[in-house]
There are 2 protein chains.
Amino acid sequence: MTRDRLFLFDTTLRDGAQTNGLDFSLEDKIAVAKLLDRLGVDYVEGGYPGANPLDTAFFSERRTRRARFTAFGMTRRPGRSASNDPGLVDVLQASADACCFVAKTWDFHVRVALGATEEENLASIRDTVEAARAAGREALIDCEHFFDGFKANPDYALACARTAYEAGARWVVLCDTNGGTMPDEVEAIVRLVTAVVPGAHLGIHAHDDTGQAVANSLAAVRAGVRQIQGTLNGIGERCGNANLVSLIPTLKLKREFADLVEIGVGEQALGELTQISRAFDEILNRAPNRHAPYVGEAAFATKAGIHASAILKDPATYEHVPPESVGNRRRVLVSDQAGKSNLIAELDRVGIVIAKDDPRLDALLREVKALEAEGYAYEGADASFALLAHRTLGTLPRFFDVRSFRVMVERRFNATGDLVTVSEAVVKVEVDGEILMSVAEGNGPVNALDLALRKDLGRYQSLIADLELVDFKVRILNGGTGATTRVLIESRDGAGERWFTVGVSPNLVDASFQALMDSMNYKLLKAGADPARDTSLDHRRRAS
Amino acid sequence: MTRDRLFLFDTTLRDGAQTNGLDFSLEDKIAVAKLLDRLGVDYVEGGYPGANPLDTAFFSERRTRRARFTAFGMTRRPGRSASNDPGLVDVLQASADACCFVAKTWDFHVRVALGATEEENLASIRDTVEAARAAGREALIDCEHFFDGFKANPDYALACARTAYEAGARWVVLCDTNGGTMPDEVEAIVRLVTAVVPGAHLGIHAHDDTGQAVANSLAAVRAGVRQIQGTLNGIGERCGNANLVSLIPTLKLKREFADLVEIGVGEQALGELTQISRAFDEILNRAPNRHAPYVGEAAFATKAGIHASAILKDPATYEHVPPESVGNRRRVLVSDQAGKSNLIAELDRVGIVIAKDDPRLDALLREVKALEAEGYAYEGADASFALLAHRTLGTLPRFFDVRSFRVMVERRFNATGDLVTVSEAVVKVEVDGEILMSVAEGNGPVNALDLALRKDLGRYQSLIADLELVDFKVRILNGGTGATTRVLIESRDGAGERWFTVGVSPNLVDASFQALMDSMNYKLLKAGADPARDTSLDHRRRAS
């Protein structure tokens, strides 16, 4: 059975750069281009050369090895020739394999936004495509507002598409610029367009304003388009663009599409999809979306006890695709609904193998339930769960012990008469029977405590040198300042590994202390540090 | 033209409670039920009575006024009569208008997960529906894995649906439990099911594992179902459930659906949708998704550029629906005028009347913008906003001043050798030129500070005697322990009035101090307390 080739056009670095509150540096753009080549998309739209210094610099050389490096621009201004439009000239002179030009196709826009006649606009499309081809570039035309335009004036929208195609544009891309079109409308309209431009030359550019950018893209593919434009993790203006990270697995793993089309992303790249998606969030310095389709940390996580036992009987019963196929993994969550089977699966995941009839299992289950009743939440804190398990099973080495700490927050007038608030922490740590005292100031009590705790751990110090706090979350579990507080801390180390720890107490500083201790102990555990030589330390669950 | 009634079934408190990392308190559940009644959904599925103490307590009474309060459960276990299945009995005895039972409809699951014969499973469906009706409850059957089951064995899946309907179930809900079904498959399969069960008795329950839960729900409506199950902001297990907050505006504002069906959500509730969505995130104590369809802060935001100018010419050219229709707003960097009129409206709401041309208005607008840039959020803190306004307008009496405070948290061994953590606060307050020192211990630094601050306010003491802290929320505004912290405090007094105050600082204790001070000052302001006699106190924004 022969399948059509479906081309993936990534616009993370152009339309994605419009994302509210996002700013790429040149280094960011170079790193993203590398990620996209690794993923195996066919086109990388890098930006708008000439529009700003950053994009101009980015197009000073080709930035991709595999993908066609694409410059974005606008069709020549009405009333000018292509060679007399400086904006267009910048785009054509940029180091790129292809040029994608946005063109008006909604008659209303031609009048209101462009202030030109319909004929002038068609001529501008024709001239721009021809100028790009004359410059040796593959030409693409983004038909802005195509679907709204088609509904308002189908003849003119089609005339724009036909003009671009007949002028030699390799691709005529139908854009749902406002993102308000429904999938069945997209499918019906695309079918009509294929009578004018062959599907092999049509693309879809969808936005997520009704939460249907992915569905709209797939509807267009069913109707015949053979190019999808989208972004990594669906970033983009307003609600974002079509999410390629969601689309790629569906195109490769769902029978309906796998039988219909093939894409340039191979099995191996698909297996790295989760890693690529998270690497992109790293570049944006933001936390990955735990609930993202296919690649989210929770995408294959199950909480309910009834489901959990069934999953262990046969994963296929509760998973629409195998997590490994997209480089993700199954997670059966320990929670207040936790059954023994959840627990064994979760232990296995943190590398602890234990027999189903091991009596220590009941003790651990009781312990987990008791702590969760106190407010601990281990499903979000793998590292704390691993430590708790090792502790209860008696397999946790003891490294150091905090004998005492004191945190002080003082608000007073400083020498120059300004009101200032200072935070200071003093900790007394015992390593191999030796007492080490450290003091530190921070911009808050938890920050001061964190700094003091990690200031001097004796012979363990070198092992925690690359330990870094990434995030700190506080949840008040019930009303009032006297309420129980849960602190969740995310840590990272030089190897790029991330782990989560949890602490619970009526006292926020105490809860933070527990989570900080768990994080340090987890780091030492995975570093394979030797236990403390002095084993006389009396053991305390929360203090080590 | 007559339109069918489409029913909205909210499962935020049941399926949504499966969300990885989320756990509702009883207070949370009560607050969410109120929100859902305000929104106007038809069914509120509150949980699984009998499965855990929380849900059992929640079903001790009806928690909704408008919506049908619905208990979730499982069909009776094979080999038992309905009356001998304790789990089923718990569900039927709960205070609820309706009961929704999950039933297996995939023959593979009946064998593997349930370990029963196909006939036993049909009997279990029939008996369960009849038992619910005998108990005076409206009966719903959730057909688990219906679409996977239908693809594997259509006859059996249909037999399950028919059995439920013929036994008298008001609704037969088709669940895409694994979330892997495509919209066109959903539409085609639903059309086949309507030959067996009328669409007026069919529902859809979609999950977002391919990013198409919304599209799948709408495809099912096109095919004839008249109930949609979903959650607020799309929370739910794995990648979440169908997002009702995205679906509702599409159903009401998009011609295709507005012409086809009508829902119980009115124009006014639609206009409060953004507020309701964010109030829900407040309850979850998480930051709203800036890019959420319709209600996200960025949903109608345009970065300056080609679009911005066109938007000013005619918003319709770049917005698929009017932002106001869903209680959201357009964001283009221009609207200081809008800001001003918003401000006047806000002032009016807290009882401050001021002329539109009052020069102090510009100063206040600048101050509010500066503080919101720092992280203050006044939409949730009326009392702090009122104090800020009075302060900037020069109409805030000064009552007392905190000269300094010191909070200490110490973890050490007590006399009996146990590790204990103690918190102590010392405050120095000035009233009428007299210095009053107080000290208090608390179960945490903020609690200790609160107690010390309210221990002795001199002649104001009697006026704050009935001041009570109701709730305390902490939000970390950006990653790391060095991040900015926002504290929101809810207070109440003997008259039963409640007010909210906010504080922001890198230092959590400092942020809490600001919110506590605002709360006390607001109480004195509304009590009409006399200003401090000594007016020489130098004024500090955050300290009074």
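Let me sum up the structure you'll find in this document.

What counts and how
- Residues numbered from 1 in each chain as written.
- Chains lettered and ligands numbered in written order.
- Predicted model: local features only at pLDDT ≥ 70, side-chain atom pairs only at ≥ 80, totals over all residues.
- Heavy atoms only, no water.
- Helix = DSSP H or I, 4+ residues; strand = E, 2+ residues; numbered from the N terminus.
- Buried < 20%, exposed > 50% of the residue type's maximum accessible area, 1.4 Å probe, protein only.
- Contact = heavy atoms within 4.5 Å.
- Areas by Shrake-Rupley, 256 points an atom, 1.4 Å probe, with all protein chains shown as cover.
- Phe/Tyr/Trp six-rings, centres within 6.5 Å; stacked < 30°, edge-to-face > 60°.
- Lys NZ or Arg CZ within 6 Å of the ring centre and 35° of its normal.
- Core = buried A, V, L, I, M, F, W, Y, C linked by side-chain atoms within 4.5 Å.
- Pairing = 2+ DSSP bridges.
- Axes fitted to C-alpha atoms, helices over the stretch in contact; angles between N-to-C directions.
- Buried area = accessible area lost by both parts, 1.4 Å probe.
- Salt bridge = Lys/Arg side-chain N within 4 Å of Asp/Glu carboxyl O.
- Polar contact = N/O pair within 3.5 Å; in protein donor to acceptor, adjacent residues only side chain to side chain.
- Nonpolar A, V, L, I, M, F, W, Y, C, P; charged D, E, K, R; others polar.

Turning next to the overall build of chain A. Helix and strand content of chain A: 20 helices and 18 strands. In terms of its C-alpha atoms, chain A occupies a principal-axis envelope of roughly 90 × 70 × 45 Å. Of all 544 residues assigned to chain A, the portion counted as buried reaches 61%. Across chain A, the fraction of contacts at a sequence separation of at least 24, relative to all contacts at a separation of at least 6, is 66%. Of the roughly 19,000 Å² of accessible surface on chain A, a fraction of 49% belongs to carbon and sulfur atoms.

One pass over the full model with this rule turns up 28 aromatic pairs over all chains. The interplanar angle of 65 degrees and the centroid separation of 5.4 Å between the aromatic rings of B:Phe7 and B:Trp171 together place this pair among those described as edge-to-face. Within this pair, whereas B:Phe7 is found in strand β2 (residues 7–10), its partner B:Trp171 is found in strand β7 (residues 171–175), the two being separated by 164 residues in sequence. Taking relative accessible area as the criterion, B:Trp171 reaches 0% and is therefore assigned buried. One aromatic cluster is present, built from ring pairs that chain together A:Phe58, A:Phe59 and A:Phe69. Note that A:Arg5 overlies the ring of A:Phe7, its terminal NZ or CZ placed 4.8 Å from the centroid. A cation over a ring is seen here: B:Arg170 above B:Phe7, with NZ or CZ 5.6 Å from the ring centre.

Core analysis: the largest hydrophobic core is formed by 94 residues, its most contacted members being B:Leu8, B:Ile141, B:Phe146, B:Ile228 and B:Leu251. Tallying contributions element by element places helix α7 (residues 154–166) of chain B first for this core, with 7 residues. If we skip the residues at most four places from it in the chain, B:Phe146 touches B:Thr105, B:Ala157, B:Leu158, B:Ala161, B:Leu174, B:Cys175, B:Ile189 and B:Val193. With 93 residues, the next largest nonpolar core counts A:Leu22, A:Phe69, A:Ile141 and A:Leu270 among its residues.

Further remarks concern the sheet that holds strand β2 (residues 7–10) of chain A. Residue and element names in this part refer to chain A. The 8 strands lie next to each other as β2-β3-β4-β5-β6-β7-β8-β9, forming a closed barrel whose pairing is parallel. Neighbouring strand axes in the sheet, compared pairwise and without regard to direction, differ in orientation by 25 degrees on average. Looking at chain direction, β2 and strand β3 (residues 43–47) are connected through 2 bridges and run parallel. Looking across to β3, one finds that Asp-10 is bridged to Val-44.

This part is about the interface of chain B and chain A. The interface of chain B with chain A comprises 104 residues on the first partner and 106 residues on the second. For the pair chain B and chain A, the two sides together bury roughly 8,500 Å², of which 54% comes from carbon and sulfur. One can count 5 salt bridges joining chain B with chain A. The partner of B:Asp510 in a salt bridge is A:Arg411, with the nearest N and O atoms 2.7 Å apart. Inspection of the region where chain B meets chain A yields 24 residue pairs in polar contact (both at pLDDT 80 or more). The element best represented in the side of chain B that touches chain A is strand β11 (residues 401–413) of chain B, accounting for 11 residues. Counted by class, the side of chain B that touches chain A contains 43 nonpolar, 32 polar and 29 charged residues.

On to the pattern of salt bridges. Under the counting rule described, the total for this entry stands at 80 salt bridges over all chains. For A:Glu45, the salt bridge identified is with A:Arg14, shortest N-O distance 3.1 Å. In this pair, A:Glu45 is assigned in strand β3 and A:Arg14 in the loop between β2 and α1 (26–39), connecting sequence segments 31 residues apart. Since its relative accessible area comes to 0%, A:Glu45 is described here as buried. According to the relative accessible area criterion, A:Arg14 is buried, its value standing at 14%. We note a salt bridge from A:Asp184 to B:Arg222, for which the minimum N-O separation is 3.2 Å. One end of the pair, A:Asp184, is in helix α8 (residues 183–193); the other, B:Arg222, is in helix α9 (residues 213–223), on a second chain. Beyond isolated ion pairs, a larger network of salt bridges with shared partners links A:Asp184, B:Glu187, B:Arg191, B:Arg222 and B:Glu256.

A word on the pairing of β2(A). Two elements, β2(A) and strand β9 (residues 227–230) of chain A, share 4 bridges in a ladder whose sense is parallel. Bridged to A:Phe7 within β9(A) is A:Gln227.

Residue and element names in this part refer to chain B. Note on placement: Asn-52 falls in the loop between β3 (43–47) and α2 (53–58). Taking the relative accessible area as the measure of exposure, Asn-52 reaches 18% and is therefore buried. Only 2.8 Å separates the side chain of Asn-52 from the backbone nitrogen of Asp-55, close enough to count as a polar contact.

Residue and element names in this part refer to chain B. Within the element layout of this structure, Asp-493 appears in the loop between β15 (485–492) and β16 (498–505). Overall, Asp-493 belongs to the buried group, its relative accessible area being 5%. A distance of 3.0 Å separates a polar atom in the side chain of Asp-493 from the backbone nitrogen of Ala-495. Contact partners of Asp-493, with chain neighbours within four places excluded, come to Asp-466, Trp-499, Lys-523 and Lys-526.

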